[in-house]
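# A closer look at the structure
The primary structure of each chain is shown beneath.
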Amino acid sequence: MQGIGGRLARGATWIAAARIVITFIGFANTLVLARLLVPEDFGLVAIVMSISAIVFAVTELSLAQALVQHNAPTDSHYNTAFTLNLIRAAGVAIVLVVLSVPMAALYGDPRLVYGLMAIAVSSLVIGAINPKLAAMSRELVFWQDFATRSGDKLAAFLVAFLVAVIWQSYWALILGVIAGQMTSLILSYIICPYRPRFELSKWRDLMSFSIWVGLGQAVNTLNWRFDQLVLGYFLGNTALGYYSVGARLASLPTKEATRPVAAAAFPGFAKLAHDPERLRRAYQRAQSALMVVALPVGVGFAVAAEPLVLLVMGEKWLSSVVVIQVLASVFAIGTIATTVQPLALGMGQSRILFNRSLLNLGIRAPLTMAGLLSGGLVGLLVARCIVGFISIWINLYFVRELLGLSYSRQLLINRRSLIAVVVMAAAVYLAGTPFDGLGLGVQSLKAICMIAAGIVVYPAIVMLLWWCQGYPEGPEHDAMKLAKAILSKVSGRVFRR
């Protein structure tokens, strides 16, 4: 067990760095398609994906997490997981087909029928993905996550780009998703060869853990998709297009940093579940590693959103800037306690996640409706901001209940990142002010100056604060050790040559 906390932090750092590639692909996908398609196309597909996401979530089984958390899964467990996933996928497909016509009538757009039917077919692809990948996660091996997700993103980007260039249709977005899912399916069996069999002998064993995770995921998806469904209904596809694209871009930096940390942390937390002190240290190291990466990217993107949108997407997407500015900041700050999910799963406290999601939904739904009906898109963003900070407090509360860490200890472990990002945000903003009012021709130079300011200022302030505090344990210490190890290997290879 010795060194699991350090392995988690180093693993999360490695995977987060690798996921930068995936983030760039995701950005490129959204930005290129935004040039080729119109906001209405994105709004239409946002409704399709929101409906399908809710159906998927309501039927969520969370079998991969159950396999990771299980003490000794056998082939029968993996076969059962495969069978249950296929049954669930078939059920999802049927529900989406049944919903396609009434949803098209509700939103007044017959194209929803075809979009939902296409996603219904793709659900069968998701259900067949290799469950044996969970065995690698159990051993704290995470490169397969990067391989499948990067392959998924790249295939989705290429197919969507080709369809958009040729037909300039919303089908580019849908077919891109399906191509990505097919790629994940194929790679899952290449990475981890496995011949599944139909079996249900271990369903009770798996479902006893996953039932609360699945319910929590269902409620959580309602939390995240509710606003898009009501916005599309009240304000139409074009407004939803601005909102969905802005929200997607705003979430990419923090989402791509959060996912690898969660993937690395969950099995590690499960191994330390019976050692509270080590678990507390491992949690704080993983959380601080997440913050030091996600916080500057999210806040920096929010500050520099306007020149970046004008430069890359064009003036037709200017209405999405305010969405990015608000949500990217909220998402970035919200990473301060997002690892409560893998923590609760690792400790076998999946019911807590359901309680958290239910509490968030009870707060978010009425505030979202009130903001939308009183202030339109701006009112919705104000509501999202308020809900975001309430959610942060809820996450901090549940971490305190699980680990006994006070609010102050959870916040202070990230103090260097929080201080540095405030200084960085000011520097990024000031770097762009000389270009204000000079027109579209200087937007590229403005964006470059703002990005350069963030890249220089943030790490400099973090390292300065680390030095002032006497080089304490933390993400800076792990990053330095990793850099030394890389330099040692590189220099050793050079000398051997």
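Residues numbered from 1 in each chain as written. Predicted model: local features only at pLDDT ≥ 70, side-chain atom pairs only at ≥ 80, totals over all residues. Heavy atoms only, no water.

### What about the overall build of the chain?
Per the secondary structure count, the chain includes 19 helices and 0 strands. Counting every position in the chain, which comprises 497 residues, the buried fraction comes to 54%. Across the chain, contacts joining residues at least 24 apart in sequence account for 82% of those joining residues at least 6 apart. With an accessible surface of roughly 21600 Å², the chain has 68% of that area assigned to carbon and sulfur atoms. (Helix = DSSP H or I, 4+ residues; strand = E, 2+ residues; numbered from the N terminus. Buried < 20%, exposed > 50% of the residue type's maximum accessible area, 1.4 Å probe, protein only. Contact = heavy atoms within 4.5 Å. Areas by Shrake-Rupley, 256 points an atom, 1.4 Å probe, with all protein chains shown as cover.)

### Section: the side chain of Ser288
Positionally, Ser288 belongs in helix H11 (residues 276-303). For Ser288, the side chain forms a polar contact with the main-chain oxygen of Arg285, separated by 3.1 Å. Once residues lying within four places of it in the same chain are set aside, the contact partners of Ser288 are Ile413, Asn414 and Pro475. (Polar contact = N/O pair within 3.5 Å; in protein donor to acceptor, adjacent residues only side chain to side chain.)

### Structural notes on unusual backbone geometry
Positive phi, close to 50 degrees, is recorded for Gln168, a residue that is not glycine. Residue Gln168 is classed as exposed on the basis of its relative accessible area of 51%. For Tyr471, which is not a glycine, the phi torsion comes out positive at approximately 55 degrees. Overall, the relative accessible area of 47% leaves Tyr471 in the partly exposed class.

### Points about the pattern of salt bridges
Scanning the model with the defined rule gives 11 salt bridges in all. Salt-bridge contacts for Asp436 lead to Lys446; the nearest nitrogen and oxygen are separated by 2.9 Å. With Asp436 in the loop between helix H17 (415-432) and helix H18 (443-468) and Lys446 in helix H18, this residue pair connects regions lying 10 residues apart in the sequence. Classification of Asp436 as partly exposed rests on a relative accessible area of 43%. (Salt bridge = Lys/Arg side-chain N within 4 Å of Asp/Glu carboxyl O.)

### Structural notes on the packing of H11 against H17
At a closest axis distance of 10 Å, the pairing of H11 and H17 adopts a crossing angle of 25 degrees. Judged by the inter-axis angle, H11 sits roughly parallel to H17. The handedness of the crossing between H11 and H17 is right-handed. On the side of H11, the interface is formed by Met291, Val292, Leu295, Pro296, Val299, Gly300 and Val303, while H17 contributes Ser417, Leu418, Val421, Met424, Ala425, Val428 and Tyr429. Looking at side-chain class alone, the contact of H11 with H17 contains 12 nonpolar, 2 polar and no charged residues. (Axes fitted to C-alpha atoms, helices over the stretch in contact; angles between N-to-C directions. Parallel < 35°, antiparallel > 145°, perpendicular 65-115°, else oblique. Left-handed = near helix turned anticlockwise from the far one by under 90°. Nonpolar A, V, L, I, M, F, W, Y, C, P; charged D, E, K, R; others polar.)

### Structural notes on helix H2 (residues 39-58)
Between the first and last C-alpha of H2 there are 28 Å, a value that for 20 residues agrees with the 28 Å anticipated at 1.5 Å per step. Burial runs high along H2: 18 of the 20 residues are buried. (Expected span 1.5 Å × (residues − 1).)

### Describing the nonpolar core
Counting 105 residues, the largest nonpolar core has Tyr243 and Leu249 as the members making the most contacts within it. Counting residues per element, this core draws most heavily on helix H15 (residues 350-403), which supplies 13 residues. For Leu249, the contacting residues outside a window of four places in its chain are Phe27, Thr30, Leu31, Phe301, Met313 and Ile324. Core analysis: the second largest hydrophobic core is formed by 10 residues, Leu63, Leu67, Ala134 and Leu206 among them. (Core = buried A, V, L, I, M, F, W, Y, C linked by side-chain atoms within 4.5 Å.)

### Re the confidence of the model for the chain
Summing up the model confidence of the chain, the mean pLDDT is 85 and the portion of residues at 70 or higher is 87%. Of all helices and strands in the chain, the one with the weakest mean pLDDT is helix H1 (residues 4-36) (67), whereas H17 scores best (95). (pLDDT = per-residue confidence, 0-100.)

### With respect to the side chain of Arg364
Note that Arg364 resides in helix H15. Residue class for Arg364 comes out buried when judged on its relative accessible area of 5%. If near-sequence neighbours (up to four positions away) are discounted, Arg364 is found in contact with Asn223, Trp224, Asp227, Arg384 and Val387.

### Notes on the packing of aromatic side chains
Applying the stated criterion across every chain yields a total of 13 aromatic pairs. Their ring planes at 85 degrees and their centres at 5.8 Å tell us that Tyr242 and Trp317 sit as a pair that is edge-to-face. In this pair, Tyr242 sits in helix H10 (residues 237-271) while Trp317 sits in the loop between helix H12 (305-312) and helix H13 (321-334), placing the two residues 75 residues apart along the sequence. On the basis of relative accessibility, which here comes to 18%, the residue Tyr242 falls in the buried class. Overall, Trp317 belongs to the buried group, its relative accessible area being 0%. Among the aromatic side chains, those forming a connected cluster through ring pairs are Trp393, Tyr397, Phe398 and Tyr407. One cation-aromatic arrangement involves Arg364 over Trp224; the distance from NZ or CZ to the ring centre is 4.7 Å. (Phe/Tyr/Trp six-rings, centres within 6.5 Å; stacked < 30°, edge-to-face > 60°. Lys NZ or Arg CZ within 6 Å of the ring centre and 35° of its normal.)

### Considering the packing of H17 against H18
The interhelical angle for the contact between H17 and H18, taken along N-to-C directions, is 155 degrees, at an axis separation of 8 Å. Relative to H18, the element H17 lies roughly antiparallel. Here the hand of the crossing between H17 and H18 comes out right-handed. Counting all contacts with H17, which are made through Arg416, Ser417, Ile419, Ala420, Val421, Val423, Met424, Ala427, Val428, Tyr429, Ala431 and Gly432, the residues of H18 involved are Lys446, Cys449, Met450, Ala453, Gly454, Val457, Tyr458, Ile461, Val462, Leu465 and Trp466. Residues of the contact of H17 with H18, tallied by class, amount to 18 nonpolar, 3 polar and 2 charged.

### Description of a nonpolar patch on the surface
A cluster of nonpolar residues, Leu106, Tyr233, Phe234, Leu235 and Leu373, forms a patch on the protein surface that exposes about 510 Å² of accessible area. If you tally residues by element for the nonpolar patch, the top one is helix H9 (residues 203-235), at 3 residues. (Patch = residues over 30% accessible without salt bridge, like charges linked within 9 Å, V, L, I, M, F, W, Y side chains within 5 Å.)

### Things to note about helix H8 (residues 171-191)
If you check H8, its first and last C-alpha atoms are 30 Å apart, about what 21 residues at 1.5 Å a residue would give, namely 30 Å. Among all positions of H8, only Ala172, Leu173, Ile174, Gly176, Ile178, Ala179, Gly180, Gln181, Ser184, Leu185, Ser188 and Ile191 are buried.

### Observations concerning the environment of Leu405
With respect to the secondary-structure elements, Leu405 resides in the loop between H15 and helix H16 (407-412). The spatial distance from the C-alpha of Leu405 to the C-alpha of Gln284 is 9.5 Å, given a sequence separation of 121 residues. Dropping the residues within four chain positions of it, Leu405 is found in contact with Arg280, Tyr283, Gln284, Val399, Arg400 and Gln410.

### Some points on the environment of Thr221
Positionally, Thr221 belongs in helix H9. Considering only alpha carbons, one finds Thr221 and Ala57, 164 residues apart in sequence, at a separation of 6.2 Å. Leaving out residues up to four positions away in the same chain, Thr221 has contacts with Ala53, Ile54, Ala57 and Phe226.

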